[in-house]
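These are the residues of each chain, in order.
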Amino acid sequence: MKVRIKSIAGAAVLMALSACVPSGAARCQSRYDRLLHDSAGVDKLTALAQMEENGRLDETIRALVADPDRLIRLRCAEVLGRVDDDTGTIYYLSKLAKDGDPEVVL
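So, how was this worked out
Residues numbered from 1 in each chain as written. Predicted model: local features only at pLDDT ≥ 70, side-chain atom pairs only at ≥ 80, totals over all residues. Heavy atoms only, no water. Helix = DSSP H or I, 4+ residues; strand = E, 2+ residues; numbered from the N terminus. Buried < 20%, exposed > 50% of the residue type's maximum accessible area, 1.4 Å probe, protein only. Contact = heavy atoms within 4.5 Å. Areas by Shrake-Rupley, 256 points an atom, 1.4 Å probe, with all protein chains shown as cover. Core = buried A, V, L, I, M, F, W, Y, C linked by side-chain atoms within 4.5 Å. Axes fitted to C-alpha atoms, helices over the stretch in contact; angles between N-to-C directions. Parallel < 35°, antiparallel > 145°, perpendicular 65-115°, else oblique. Nonpolar A, V, L, I, M, F, W, Y, C, P; charged D, E, K, R; others polar.

Asker: Mind showing me how you'd approach the overall build of the protein chain here?
Answerer: Tallying secondary structure elements over the protein chain gives seven helices and zero strands in all. The helix and strand sequence of the protein chain, counted from the amino end, reads α-α-α-α-α-α-α. Looking at the protein chain as a whole, 40% of its 106 residues are labelled buried. Put simply, of all contacts in the protein chain between residues at least 6 apart along the chain, 52% involve residues at least 24 apart. A total of about 6900 Å² of accessible surface is found on the protein chain, and carbon and sulfur atoms cover 57% of it.

Printed below as a string of structure tokens:
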């Protein structure tokens, strides 16, 4: 069951984050395209999508808020803004508020 949920969440992430354009039109770029072509990037985005969908954080958030990729940290901030988890939301948001990337801080 857990594998099926991960598979469904992964497919949802790919569909949501991929740019959709009418047939025959030039493909639009999504800011996540680079991550979607890398299995580690897909795994990270899938984990974040699952946390967002479940409305609670899991242990992977600890590593993701410190990820070297600014897009992963930015996505963490978005997820944390949508998840109200008593044990971690404020703690991890405070870490991201000190991030070196102004977009992540914003």
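Past the structure itself, the notes keep going.
Asker: Looking at this structure, how should I read the environment of Leu-93?
Answerer: Within the fold, Leu-93 resides in helix α6 (residues 89-96). Look at Leu-93 and you get partly exposed, because its relative accessible area is 33%. Sequence spacing of Leu-93 and Val-65 is 28 residues, and the spatial spacing of their C-alpha atoms is 8.7 Å.

Asker: Hey, could you run me through the nonpolar core in this one?
Answerer: The nonpolar side chains of a soluble globular protein tend to be buried, and buried together. Counting 23 residues, the largest nonpolar core has Leu-48, Met-51, Ile-61 and Cys-76 as its most contacted members. Listing elements by their share of this core, those giving two or more residues are α2 (33-36), α3 (39-54), α4 (60-64), α5 (70-82) and α6. No other element matches the seven residues that α5 contributes to this core.

Asker: For this particular structure, what's the right way to read the packing of α3 against α5?
Answerer: A pair of packed helices is characterised by two quantities: the angle between their axes and the separation of those axes. The interhelical angle for the contact between α3 and α5, taken along N-to-C directions, is 10°, at an axis separation of 9 Å. Classified by the interaxial angle, the pair formed by α3 and α5 is roughly parallel. Residues Lys-44, Leu-45, Leu-48, Ala-49, Met-51 and Glu-52 of α3 form the contact with α5, whose own contacting residues are Ile-72, Arg-75, Cys-76, Val-79 and Arg-82. Looking at the contact of α3 with α5 residue by residue, the class counts come to seven nonpolar, no polar and four charged.

Keep in mind that these numbers describe shape and distance, not what the molecule does.
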